Amino acid sequence: MLSAAFISFRAHTSNSKPSNNLEQSAPLESGQMIEEQKNKFQNFDEVSGLIVDRTMTRLGEDFYFFFSQKLNDRYEDLKENFEIRERPTALSGSIVGVYHSRKPIYRTALSPGRRQAQEKADEAVKAVSDYIIRWQAERLFQDTFDLEHDEF
């Protein structure tokens, strides 16, 4: 019975001819085809100056709050993106790190307490400030005669 159904299906599909009506019909969107439209948005620069919060606990949120506040106060027009990652631990509270282009800049262990998060955020801002100066100098004097700067 299954083979009879397959044979009848095959006979039905072999009689129908393939149609290209969908490709030759009018475009689904109103007006012009997508390929013919002019691109209104030509600026493809990435978003800059972000501090991404990847924390999970209240300790990490406190650190992120103080760090981002102090960094934005010090550098109002910062063009670099940073990421704050947290790894909660059972014994020491949390391990928090500041990353730039997937490279760790600052890492510390936070034990519970809002005051310690504020102190560690001060240390992180100082470490990031030193890193920014060093990174910009390295990038400025990097030999890019035949290669472009790194994407990350």
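Before reading on, note that the structure itself is shown above.
It should be emphasised that the depicted structure is a prediction, and the values quoted were computed from it without experimental measurement.

What about the overall build of the protein chain?
Tallying secondary structure elements over the protein chain gives 4 helices and 4 strands in all. Scanning the protein chain from its N terminus toward the C terminus, one meets helices and strands in the order α-α-β-α-β-β-β-α. Taking the intrachain contacts of the protein chain between residues at least 6 apart in sequence as the baseline, contacts between residues at least 24 apart amount to 51%. Of the accessible surface of the protein chain, which amounts to about 12300 Å², a share of 53% is contributed by carbon and sulfur atoms.

Digging into the nonpolar core
In this structure, Phe63, Phe67, Leu71, Phe82, Ile84, Val98 and Val128 are the most contacted members of the largest nonpolar core, which totals 22 residues. By residue number, the principal contributor to this core is helix 4 (residues 114–140), which donates 8 residues. In this structure valine 128 touches Phe67, Leu71, Phe82, Val98 and Ile105, once residues within four positions along its chain are discounted.

Observations regarding unusual backbone geometry
A positive phi angle, near 55 degrees, is found at serine 101, a position not held by glycine. Mapped onto the secondary structure, serine 101 falls in the loop between strand 3 (93–100) and strand 4 (103–110). Looking at serine 101, the relative accessible area reads 33%, which means it is partly exposed. Phi at arginine 102 is positive, roughly 65 degrees, even though this residue is not glycine. With respect to the helices and strands, the residue arginine 102 is situated in the loop between strand 3 and strand 4.

Brief notes about helix 4
In this model, helix 4 (27 residues) spans 39 Å end to end at C-alpha, consistent with the 39 Å of a helix rising 1.5 Å per residue. Among all positions of helix 4, only Ala117, Lys120, Ala121, Ala124, Val125, Val128, Ser129, Tyr131, Ile132 and Trp135 are buried. On its buried face, helix 4 sits against helix 3 (58–74), strand 2 (82–89), strand 3 and strand 4.

Description of the packing of helix 3 against helix 4
Contact pair helix 3 / helix 4: the axes reach a minimum separation of 8 Å and the direction vectors enclose 45 degrees. By the angle class used here, helix 3 and helix 4 are oblique. In this structure, helix 3 meets helix 4 at a crossing whose hand is right-handed. Residues Arg58, Leu59, Asp62, Phe63, Phe66, Phe67, Lys70, Leu71 and Arg74 of helix 3 form the contact with helix 4, whose own contacting residues are Arg114, Ala117, Gln118, Lys120, Ala121, Asp122, Ala124, Val125, Lys126, Val128 and Ser129. When the residues that make up the contact of helix 3 with helix 4 are grouped by side-chain class, the tally is 10 nonpolar, 2 polar and 8 charged.

Comments concerning the pattern of salt bridges
Any two side chains of opposite charge can pair, so long as their charged atoms come close to each other. Applying the stated rule across the entire model yields 7 salt bridges. Residues glutamate 83 and arginine 85 are paired through a salt bridge, measuring 3.2 Å at the closest nitrogen-oxygen approach. Here arginine 85 falls in the partly exposed class, since its relative accessible area comes to 32%. Glutamate 119 serves as the salt-bridge partner of arginine 115, at 3.3 Å between the closest nitrogen and oxygen. Placement of both arginine 115 and glutamate 119 in helix 4 is noted, with a separation of 4 residues, approximately one turn of the helix. When its relative accessible area of 64% is taken as the criterion, arginine 115 is described as exposed. Owing to a relative accessible area of 41%, glutamate 119 belongs among the partly exposed residues under this scheme.

Re the sheet that holds strand 3
The strand order 1-2-3-4 describes an open sheet built from 4 strands, whose pairing is mixed. Two strands lie at the open edges of the sheet, namely strand 1 (51–54) and strand 4, each paired on one side alone. The average angle at which neighbouring strand axes cross in this sheet is 20 degrees, direction not considered. Summarising the sheet, strand 2 and strand 3 pair through 7 bridges and their orientation is antiparallel. Paired with arginine 87 across the two strands is isoleucine 95, which belongs to strand 3. Contacting strand 1, strand 2, strand 3 and strand 4, helix 3 runs over the sheet at an angle of about 175 degrees to strand 1. Packing of helix 4 onto the sheet brings it into contact with strand 2, strand 3 and strand 4, and relative to strand 4 it is tilted by some 165 degrees.

Cut-offs and rules
- Residues numbered from 1 in each chain as written.
- Predicted model: local features only at pLDDT ≥ 70, side-chain atom pairs only at ≥ 80, totals over all residues.
- Heavy atoms only, no water.
- Helix = DSSP H or I, 4+ residues; strand = E, 2+ residues; numbered from the N terminus.
- Contact = heavy atoms within 4.5 Å.
- Areas by Shrake-Rupley, 256 points an atom, 1.4 Å probe, with all protein chains shown as cover.
- Core = buried A, V, L, I, M, F, W, Y, C linked by side-chain atoms within 4.5 Å.
- Buried < 20%, exposed > 50% of the residue type's maximum accessible area, 1.4 Å probe, protein only.
- Expected span 1.5 Å × (residues − 1).
- Axes fitted to C-alpha atoms, helices over the stretch in contact; angles between N-to-C directions.
- Parallel < 35°, antiparallel > 145°, perpendicular 65-115°, else oblique.
- Left-handed = near helix turned anticlockwise from the far one by under 90°.
- Nonpolar A, V, L, I, M, F, W, Y, C, P; charged D, E, K, R; others polar.
- Salt bridge = Lys/Arg side-chain N within 4 Å of Asp/Glu carboxyl O.
- Pairing = 2+ DSSP bridges.

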